[in-house]
Structure formats: C-alpha cells, structure tokens
Amino acid sequence: MSAPTRLGAGRYVAVDERPAATVTSVHELTTADGATVRGVLATVPGARTVVALVHPRQDVTHHALVPHLLAAGTAVWTQHTRSVNNDLTLVHEQALLDVAAGMVLLREQGYTSIVPLGHSGGGTLFAFYLEQAGLAGADRIATTPGGRPTALADATMPTVDGVVFLAPHPGQGRLLLGCIDPSVADETDPLAAVPELDAFDPRNGFAEPPTSASYSAEFLERYRAAQVARVARLDARAQAHLARTAEARALHKRTGAVADRRRALAPEIMTVFRTDADPRTVDLSLDPSDRPYGSLFGARPDLINYGQVGFGRLTTPEAWLSTWSGLSSNADFVRCAPGVTVPTLFLELTGDQAAFPSDSRRMVAALGSTDLTHESVRGTHFGGAIAPGEPTGNALAAERIATWVGARHELAPPT
C-alpha cells in the first residue's frame, strides 16, 4: 500500500488496495435522537470479526489501515458522525449516539466479535462510548456540559469484545488545553499578545526554526497556568451565552413573542484565535520522543498559530464546552479510561506530535482493563514514516493490530 499524502491535519488520500474478494456496502442509520449518519461496511468471505473505525470529526472511510485489516481477515466498519468534516457544532455526547447506531448495526449483522479501533480523536470517542455503554441507562450522563439533554439513558449502546487505541490523544479539549496560546490579550484581536507569555518570543526561550527552543521551568509553569485561565474565560463566555438563550426560551414560553423566539435562536459563533502553541512542538527536550520539530499542522507553529488552521477555531458555545474545553468536556480519555474494561491494545507512535509520552503514560495507567497490552511502533501521529525509507507507522501498526486481534478473535484471511 502506498504511503498516504498529507493534505492537512488528519486528512489523507491513500491508495486503497483492498483484497479482490472484498464486498462493500453503504448503510444509512438513524440514531436514538433521530439524526442520520452513514457508514461503509467492507468484508471478506467468512469474516466473523469486525473492526470499527469512527472519528468524531473526520472521514475515516479510506483510512490507511482498512486494506491491512481486510487482508488480515476482519471485516471493517468505517462510520461518519453527524459532524464529519464540519465540527462547528460537534457535541461529543451526540457523537456517542452516532457510534451506538453503528454498534447496533454490527450486532444485527451477526458478527461474533466487534473491536473498535480509535485512532487519534477516535480513541477518546471510543473510551467515552465504552464508559457510558457499561453503565445502566439511569447512570449515564444526562446533560451535556452546556445543559442539553443527552438522550443517552434510553439509547441502546451495545458492548464490544475488545478495543484498540492507536495514537490516541487525551481528548479534543485536553489536546487544545495543551496547545492554546495563553498570550492572547484580546479575544477580538488575532495579533494582541502579552509578551511575557509569548512562546514564540526569543526572550522567553524561542529559537529560529528548526533550532529547538529552550524554555525555563519558570516560564512553562506560568504558561501552563495561563492556558488554564484562558480556557476558563472562554468557558465563562460560552456559559453566559447559553444562559441568555435559555432565558429567552423561558420568556418565549410565557409571552409567545417573536422577538423572544429570535433571541433564543440567535447563535453565537466563537472565534478562538491562536491554537497551535504547545511548547513541546518547538522545544524537543520537553517530553522527548522521536517526533520531528513542529506540530500536527506543519513545521512552523510560530507562523501557523497566527493563521486560519488550528483546533477549535470556530465553534458554538455548546460545542466548545462539550468538545474543546479541557476544563468542561466529558470526552477526556483519562476520565473515561477506568470504564474501559474489555481487552485493550494501546499502541503508541513514537514520533507522535499530538499524544506525547507523558500523555500516553497517564492514559495507559488509567485504563480499567485487566487484559492490557501497551506497545509502540515508529511513526508519526497519522501513521507516516519518521525517516525516508522506513516503513510507515501505519504498516507497522497494522502488523501489531492483526497479531493482537488474531490472538483473541477469529480471523478469515482471504486466499
């Protein structure tokens, strides 16, 4: 299989060399709350085990692991959530209902083993799903961080037979908490900066790329505290807007006035400037690993941070609190991990620029499974090769995953 070509953060085009015996079908599903989601089921003759790939924000239909898994003898389910490729309104509690609809389909298809494979943000999505699926309906999360009813209590959420986490990061909110720029002095001005909190100011330890920066412990302590403070301010802004809309809805119920209804419907779109500023991406002595200089978005975070690309750049208040807030989101891998009790493979990529070694150690330590395998292979976050001429991380990961799944579940490799 040819190596994927990078188009942007998490978006790849790959040569999809599926086995000739592959049969593919497209399914449209209705979730417990009435949304429509779609997925693709690819299978080979005799497959009794299905590996399921879902990401909360991205299309994984042509994920690079799909042909490897089919060749190993599993069926592969790749599914969209309702927020695929447009995460403006991504609410993670709703994404769980999307995942549940896919799990119901796979049980109905008669597979004896269902093994979710969560890559990157799909890791926390599946950890969150498994935590909630393992609870009685009445014990599941009743409302989103923004106060919206979740409908999880009455949803059918099938359990699974194992789970693979491939390069999982700690959750969209925790990830953003680590890379949001705390030097933003004015949330309406993309250039306003507090100099003593600017990670890209040479006076604070930054060096001209690709030379590694060198930050002091004192600067990093202030920087991390200021990141938390900025996220808290954004949380307060989101909560204030949701309180105003709730007030307008209540008033409309009493008055029936069109003006009150309009106030209740009027959205706020939060613009979050500068979200590519994790010091670890430019100071390679921090949390050392095989990663190259730079972030997921490219080799110049000092420039990318000021551009249009980045996590959580445009979001509704509800989506901010549910997905992007490292202080409010329920979709936090470490929080959810004790509820992951099925056999688990946690596979790190040693050149990961989103899940750093200390993050992975915390996530592994929190998992509730007693059948836990923790391994690593060389590769970057999306499965690229670290150095020219090396095998891709995806190829190496596929071998480990096939071996682990095959030791626990029936495989049917096509001849």
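Structure: see above.
Please read all numbers here as calculations on a predicted model, not as lab measurements.

S.K.: I'd like a description of the environment of Ala238, backed by residues and values.
M.R.: Summarising the element assignment, Ala238 is placed in helix 5 (residues 217-255). Using a relative accessible area of 0% as the deciding quantity, one classes Ala238 as buried. As for Ala238 and Met270, which are separated by 32 residues in sequence, their C-alpha atoms are 8.1 Å apart. In contact with Ala238, other than residues within four places in its own chain, are Met270, Pro317, Trp320 and Leu321.

S.K.: So, the nonpolar core: which residues are in play, and what are the values?
M.R.: Membership of the largest hydrophobic core comes to 70 residues, with the highest contact counts inside it found for Leu106, Leu117, Tyr129, Phe165 and Ile401. Setting aside anything within four residues of it in sequence, one finds Leu117 in contact with Val51, Ala52, Leu53, Val54, Leu65, Leu69, Phe126, Val164, Leu166 and Ile401. Counting 20 residues, the second-largest nonpolar core is a separate cluster that includes Val231, Met270, Phe297 and Trp324.

S.K.: Hey, could you go over the pattern of salt bridges for me, with residue numbers and the actual values?
M.R.: A full pass over the atoms with the stated rule returns 24 salt bridges. A salt bridge links Arg378 to Asp290; its shortest N-O distance comes to 3.4 Å. You can see Arg378 sitting in strand 12 (residues 372-380) and its partner Asp290 sitting in the loop between strand 9 (270-271) and helix 7 (301-304), a full 88 residues away along the chain. Asp302 is the partner of Arg300 in a salt bridge, and the nearest nitrogen-oxygen pair spans 2.8 Å. Residue Arg300 is classed as partly exposed on the basis of its relative accessible area of 30%. In this structure Asp302 comes out as buried when scored by relative accessible area, which is 12%. Each of Arg224, Asp278, Arg280, Asp287, Asp359 and Arg362 takes part in a single network of salt bridges with overlapping partners.

S.K.: Kindly report on the environment of Leu327, identifying the contributing residues and their values.
M.R.: Note that Leu327 resides in the loop between helix 8 (317-324) and helix 9 (333-336). Residue classification places Leu327 among the partly exposed positions, given a relative accessible area of 43%. A sequence separation of 259 residues divides Leu327 from His68, and the C-alpha atoms of the two residues are 37 Å apart. Apart from the residues lying within four places of it in its own chain, the contact partners of Leu327 are Val228, Val231, Ala232 and Asp235.

S.K.: Outline unusual backbone geometry, supporting the account with residue identities and numerical values.
M.R.: What is expected of a backbone is that most residues other than glycine have negative phi and most peptide bonds are trans. The omega angle of the peptide bond from Pro209 to Pro210 is 10 degrees, so this bond is cis rather than trans. One non-glycine residue, Asn85, lies in positive phi territory at about 60 degrees. Its location among the elements puts Asn85 in the loop between strand 6 (75-79) and helix 2 (92-108). Phi is positive for Ala151, close to 70 degrees, though the residue is something other than glycine.

S.K.: Give a description of the packing of aromatic side chains that names residues and reports values.
M.R.: By the definition in use, this model includes eight aromatic pairs. When the ring of Tyr215 is compared with that of Phe219, the centres are 5.3 Å apart and the planes differ by 20 degrees; the resulting orientation is stacked. Between Phe333 and Phe346 the ring centres are 6.2 Å apart and the planes differ by 90 degrees, which places this aromatic pair in the edge-to-face class. With Phe333 in helix 9 and Phe346 in strand 11 (residues 344-351), this residue pair connects regions lying 13 residues apart in the sequence. The burial state of Phe333 is the same as that of Phe346; both residues are buried. Chaining the aromatic ring pairs together yields one cluster made of Phe165, Phe333 and Phe346.

S.K.: Can you tell me about helix 3 (residues 121-133), naming the residues and giving the values?
M.R.: With 13 residues, helix 3 extends 18 Å between its outermost C-alpha atoms, agreeing within 8% with the 18 Å of an ideal straight helix rising 1.5 Å per residue. Among the 13 residues that make up helix 3, 13 are buried, leaving the element largely enclosed by the rest of the structure.

S.K.: I'd love a proper account of the pairing of strand 4 (residues 36-43), names of residues and values included.
M.R.: Burial runs high along strand 4: six of the eight residues are buried. Bridge count between strand 3 (residues 23-30) and strand 4: eight bridges; the pairing is antiparallel. Of the residues in strand 4, the one forming a bridge with Thr30 is Thr36. Here strand 3 folds back onto strand 4, and the loop between the two strands holds five residues, one of which, Gly34, carries a positive phi near 90 degrees. Inspection of the sheet shows strand 4 paired to strand 6 by four bridges, in the antiparallel sense.

What counts, and at which threshold
Residues numbered from 1 in each chain as written. Predicted model: local features only at pLDDT ≥ 70, side-chain atom pairs only at ≥ 80, totals over all residues. Heavy atoms only, no water. Helix = DSSP H or I, 4+ residues; strand = E, 2+ residues; numbered from the N terminus. Buried < 20%, exposed > 50% of the residue type's maximum accessible area, 1.4 Å probe, protein only. Contact = heavy atoms within 4.5 Å. Core = buried A, V, L, I, M, F, W, Y, C linked by side-chain atoms within 4.5 Å. Salt bridge = Lys/Arg side-chain N within 4 Å of Asp/Glu carboxyl O. Phe/Tyr/Trp six-rings, centres within 6.5 Å; stacked < 30°, edge-to-face > 60°. Expected span 1.5 Å × (residues − 1). Pairing = 2+ DSSP bridges.

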